[in-house]
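What the coordinates show
Residues per chain, in single letters:
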Amino acid sequence: MEQPKVIFLDAVGTLFDVKGSVGEIYSQIAGEFGVKVSAETLDKTFIKSFKAAPPPIFLDAETQDIPQREFDWWRIIALDTFENAGVLKQFSDFPAFFSELYIHFGTAQPWFVYPDVLAALVNWRRLGIELGVLSNFDSRIYSVLQSLGLRDFFKSVTISTQARAAKPDPQIFAIALKKHNCQPEEAWHIGDSITEDYNGAKAAGLRGIWIDRGKKS
């Protein structure tokens, strides 16, 4: 197989993932605000709320306003998560709770790096392959990558909120390729979603590679 010029990698579920589950973290921090609800319940209601949300693409937003739009997008998901769990009214100060929750996910604390990642990044860099992150994450990706010790491996970071397009839209792949002055057939994209990563990459002319982290097996 011919060596690519660039390898793009998805973020969550590919490079790193949540310790435990989102529900566990939501439950823990809610408990600090006096709201008791099980992680299992929140896992179910979070998935429902997340899937119901529109893609995080803010076509009408000025660049400087995107971080606030990201914050508001996630706040609605969190509101729906706790509303569907039947405990939203138990919060005495939901805005304060959500601010802490949002900041928390921008740090290293809730994440773990998959054990095969560092060796792969080091090897690809040794081979002279350029690396980029291509993700439907938000602006917190920069602080997360930095805090996890991964940021310096990547020449580019392309995220849906800044690209104004989300995977599997070919537009976000085109934007990422342009940062490397790279043709689609010279690039690979690795990710854990068949739809967003594998099929999205193939439709945009890249080699799509699906990585199965075991949760979907």
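Values in this document were obtained by computation on a predicted structure and should not be read as measured data.

The next subject is the pairing of strand β4 (residues 130-135). Judged by how many residues are buried, β4 sits mostly within the fold: five of six residues are covered. Alignment of strand β1 (residues 6-9) against β4, held across four bridges, turns out to be parallel. Bridge assignment links Phe8 to a residue of β4, and that residue is Gly132. Once the chain exits β4 it traverses helix α6 (residues 141-147) before rejoining the sheet at strand β5 (residues 156-159), and the crossover so formed is right-handed.

Turning our eyes to something else, we now look at helix α9 (residues 194-203). Of all the positions in α9, only Asp197, Gly200 and Ala201 are classed as buried. For α9, the arc enclosing every buried residue in end-on projection is 95°, short of the 170-degree limit, so these residues lie on one face. Its buried side turned inward, α9 meets α8 (170-179), β6 (187-191) and β7 (207-210). Where α9 starts, the residue carrying a side-chain oxygen 3.4 Å from the main-chain nitrogen of Thr195 turns out to be Ser193. Note on α9: the residue one or two positions beyond its end, Gly205, has a positive phi of about 95°.

Another point: the nonpolar core. Ranked by size, the top nonpolar core spans 54 residues in total, and within it Phe16, Tyr26 and Phe82 carry the most contacts. At six residues, the largest contribution of residues to this core is made by helix α3 (residues 66-84). Among all residues touching Phe82, those that are not within four sequence positions of it are Tyr26, Ala30, Val37, Leu42, Val87, Leu88, Phe91, Phe94 and Phe97. Residues Ala163, Ala176, Cys182 and Ala201 belong to the second largest nonpolar core, which totals 14 residues.

Here we come to the packing of aromatic side chains. Each aromatic ring pair is specified by the distance between its two centres and by the angle formed by the two planes. Summed over the entire model, instances satisfying the criterion amount to 23 aromatic pairs. An angle of 0° between the planes, with centres 6.5 Å apart, marks the rings of Phe46 and Trp74 as stacked. Of this pair, Phe46 sits in helix α2 (residues 39-52) while Trp74 is found in helix α3, placing the two residues 28 residues apart along the sequence. Neither Phe46 nor Trp74 differs from the other in exposure class; each is buried. If you follow Arg140 out to its NZ or CZ, it ends over the ring of Tyr102, 3.7 Å from the centre. Sitting above the plane of the Tyr114 ring, Arg213 keeps its charged end 3.9 Å from the centroid.

In this section: the environment of Leu134. Mapped onto the fold, Leu134 is located in strand β4. Taking the C-alpha atoms as reference points, Leu134 and Glu2, 132 residues apart in sequence, are found 21 Å from one another. Leaving out residues up to four positions away in the same chain, Leu134 has contacts with Phe8, Leu9, Asp10, Thr158, Lys167, Ile172, Phe173, Ala176 and His189.

Reading the values: rules and limits
- Residues numbered from 1 in each chain as written.
- Predicted model: local features only at pLDDT ≥ 70, side-chain atom pairs only at ≥ 80, totals over all residues.
- Heavy atoms only, no water.
- Buried < 20%, exposed > 50% of the residue type's maximum accessible area, 1.4 Å probe, protein only.
- Helix = DSSP H or I, 4+ residues; strand = E, 2+ residues; numbered from the N terminus.
- Pairing = 2+ DSSP bridges.
- Right-handed = clockwise from strand over helix to strand, strands pointing away.
- Arc of directions from axis to C-beta.
- Contact = heavy atoms within 4.5 Å.
- Polar contact = N/O pair within 3.5 Å; in protein donor to acceptor, adjacent residues only side chain to side chain.
- Core = buried A, V, L, I, M, F, W, Y, C linked by side-chain atoms within 4.5 Å.
- Phe/Tyr/Trp six-rings, centres within 6.5 Å; stacked < 30°, edge-to-face > 60°.
- Lys NZ or Arg CZ within 6 Å of the ring centre and 35° of its normal.

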